[in-house]
Amino acid sequence: MNPALETLAFALLEHPADSGPVLFLGAEPHPKLSDIPSLTAWQPLKPLASACENAGMNLVEEPCGKFSTILFLPGKSKDEILAGFARAHDFMAPGGTLIVGLANTAGASRFEKELSRAAPLQYSVSKNKCRAFAAGNSTPWDDVVLGEWRELAKPRILLDTDFLTVPGVFSADHIDPGSALLAEKLPPSLYGRVADLGAGWGYLSRSALGKAPKIARIDLFEADTRALACARKNLPVEAPASFHWHDVTTGLPEKYDHIITNPPFHTGQAKDVDLGKAFLSVAAASLKRGGTLHLVANRQLPYEAHLESLGLRSRIIAEDHGFKVIVSS
Ligand SMILES: C[S@@+](CC[C@H](N)C(=O)[O-])C[C@H]1O[C@@H](n2cnc3c(N)ncnc32)[C@H](O)[C@@H]1O
């Protein structure tokens, strides 16, 4: 179990909240939290959202109203965490409390100090190499600091492009160089039905559609609902594209002429090469006869052997800046 979640749950038990409604931002199931009857859960990542639903939590697309207690288990980007503090503040009922859970390696003490710029801290608990720290709103939060954090929450346009992103999504501040290399190497001959696995905010899909006019439809599969919302805006409205909030590791609903992907290899903070391999297994199972898989990966990732074990032949067609582009069939 996520140790920051354990620490958050521990802090809540040590410092019981009043019985008012609870909002859990970045929710994950936990035996001591999942059955709080008044708990509303928000989780942008599909695998974790499904886990919350399976645990019987009340999951919402976008919370509304005010809450006495806000639990916040942030992602890993600085802007996302600070913007999340402001968002949590705006959901707090008068006399409410925000409790944040973060791993020490994710900068727990630094973000604890950040929160104390806006509001006096109520308590801090250290456990499991993580911290949970709390601030209430019985005294008003510093307006200037809140204003800074609200600014960070705003969608941004990437420099010299018209791509829109939001904090917290993969590569929120630049085009990923691996994806740029794959986009450059995608052949204009791609045709028919194409899937983009882990489509993020839509860079590869838009590049493929721009390059290969014989693509009849492209399906974007992405676990992060915030990235997918950006992808909807980053592809032209008339693009033959459909958008799926989907955990790719659970398989795809149909087969494809071509699959493109820059597979993830992290779960939260931790390196997770098995996640990348799971993407490739799903891709191999979802190609039509004669279909091709086009992927980019960090050079050191051992994907060729895995592709071979799946019965695919692979060729490295480009290498640059520590990345390799592989075509498999
Ligand atoms: C390396 S990024 C590539 C993003 C995008 N294709 C690009 O080129 O910018 C991998 C993407 O996979 C998504 N992802 C991670 N786990 C996933 C899963 N289980 N199912 C679907 N997408 C997932 C991440 O949110 C991230 O957007």
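Residues numbered from 1 in each chain as written. Predicted model: local features only at pLDDT ≥ 70, side-chain atom pairs only at ≥ 80, totals over all residues. Heavy atoms only, no water.

### Quick word on the sheet that holds strand β2 (residues 39-42)
Part 1 of the reasoning: Strand order across the open sheet formed by 7 strands is β3-β2-β1-β4-β5-β7-β6, with mixed pairing between neighbours. At either end of the open sheet lies a strand with only one pairing partner, and these are β3 (58-59) and β6 (121-127).
Part 2 of the reasoning: One ladder, built from 6 bridges, connects β6 with strand β7 (residues 130-136); its direction is antiparallel. The residue bridging Y123 from the neighbouring strand is A134, located in β7. (Pairing = 2+ DSSP bridges. Helix = DSSP H or I, 4+ residues; strand = E, 2+ residues; numbered from the N terminus.)

### Remarks on the site of the ligand
Part 1 of the reasoning: Near the ligand, the surroundings consist of 17 residues, among which S179, G198, E222, D247 and V248 are the closest.
Part 2 of the reasoning: Between G198 and the ligand, the recorded distance is 2.9 Å, taken from a backbone N or O atom to a nitrogen atom.
Part 3 of the reasoning: In the environment of the ligand, a nitrogen atom lies 3.1 Å from a nitrogen or oxygen atom belonging to the backbone of A223.
Part 4 of the reasoning: Protein chains shield 90% of the accessible area of the ligand, which is 590 Å² for the free molecule. (Near = heavy atom within 4 Å. Polar contact = N/O pair within 3.5 Å; in protein donor to acceptor, adjacent residues only side chain to side chain. Areas by Shrake-Rupley, 256 points an atom, 1.4 Å probe, with all protein chains shown as cover.)

### Topic: the packing of aromatic side chains
Part 1 of the reasoning: Under the counting rule described, the total for this entry stands at 7 aromatic pairs.
Part 2 of the reasoning: Ring geometry for F72 and F85: centres 6.2 Å apart, planes at 80°, overall edge-to-face. Of the two residues, F72 sits in strand β4 (residues 67-72) while F85 sits in helix α3 (residues 78-91), which places them 13 residues apart along the sequence.
Part 3 of the reasoning: With a centroid separation of 6.3 Å and 80° between ring planes, the pair formed by F221 and Y256 is classed as edge-to-face. Residue F221 is found in strand β11 (residues 215-222), and its partner Y256 is found in strand β13 (residues 256-261); the two are separated by 35 residues along the sequence. Like Y256, F221 is buried.
Part 4 of the reasoning: Three or more aromatic residues link up through ring pairs in this structure, and these residues are F72, F85 and W149.
Part 5 of the reasoning: The ring centre of W42 lies 4.0 Å from the NZ or CZ of R87, which sits over that ring.
Part 6 of the reasoning: Taking the ring centre of F10 as reference, the NZ or CZ of K127 above it sits at 4.6 Å. (Phe/Tyr/Trp six-rings, centres within 6.5 Å; stacked < 30°, edge-to-face > 60°. Buried < 20%, exposed > 50% of the residue type's maximum accessible area, 1.4 Å probe, protein only. Lys NZ or Arg CZ within 6 Å of the ring centre and 35° of its normal.)

### Digging into the pairing of β4
Two faces belong to every sheet, and in a regular strand the side chains alternate between them.
Part 1 of the reasoning: Taking burial as the measure, the 6 residues of β4 include 6 buried ones, the bulk of the element.
Part 2 of the reasoning: As judged from the 4 bridges shared by strand β1 (residues 22-25) and β4, these two strands associate in the parallel manner. Bridging across to β4, V22 finds its partner in T69.
Part 3 of the reasoning: Examined bridge by bridge, β4 and strand β5 (residues 92-103) share 5 bridges and lie parallel to one another.

### Description of the domain arrangement of the protein
Part 1 of the reasoning: Assigned domains within the protein: domain 1 (3-152) and domain 2 (156-328).
Part 2 of the reasoning: The interface of domain 1 with domain 2 comprises 13 residues on the first partner and 13 residues on the second.
Part 3 of the reasoning: Across the domain 1 to domain 2 interface the summed buried area is about 1100 Å²; carbon plus sulfur atoms make up 58%.
Part 4 of the reasoning: Viewed at the interface, domain 2 and domain 1 are joined by 2 salt bridges.
Part 5 of the reasoning: The salt bridge involving R156 is made with D79; its shortest N-O contact spans 3.2 Å. (Domains from an automatic or database assignment. Contact = heavy atoms within 4.5 Å. Buried area = accessible area lost by both parts, 1.4 Å probe. Salt bridge = Lys/Arg side-chain N within 4 Å of Asp/Glu carboxyl O.)

### So, unusual backbone geometry
Part 1 of the reasoning: You will see that N128, though not glycine, has its phi angle at about 55°, which is positive.
Part 2 of the reasoning: Assignment of secondary structure puts N128 in the loop between β6 and β7.
Part 3 of the reasoning: A relative accessible area of 38% means that N128 is categorised as partly exposed.
Part 4 of the reasoning: The phi torsion at K129 lies on the positive side, around 60°, for a residue other than glycine.
Part 5 of the reasoning: Within the secondary structure layout, K129 lies in the loop between β6 and β7.

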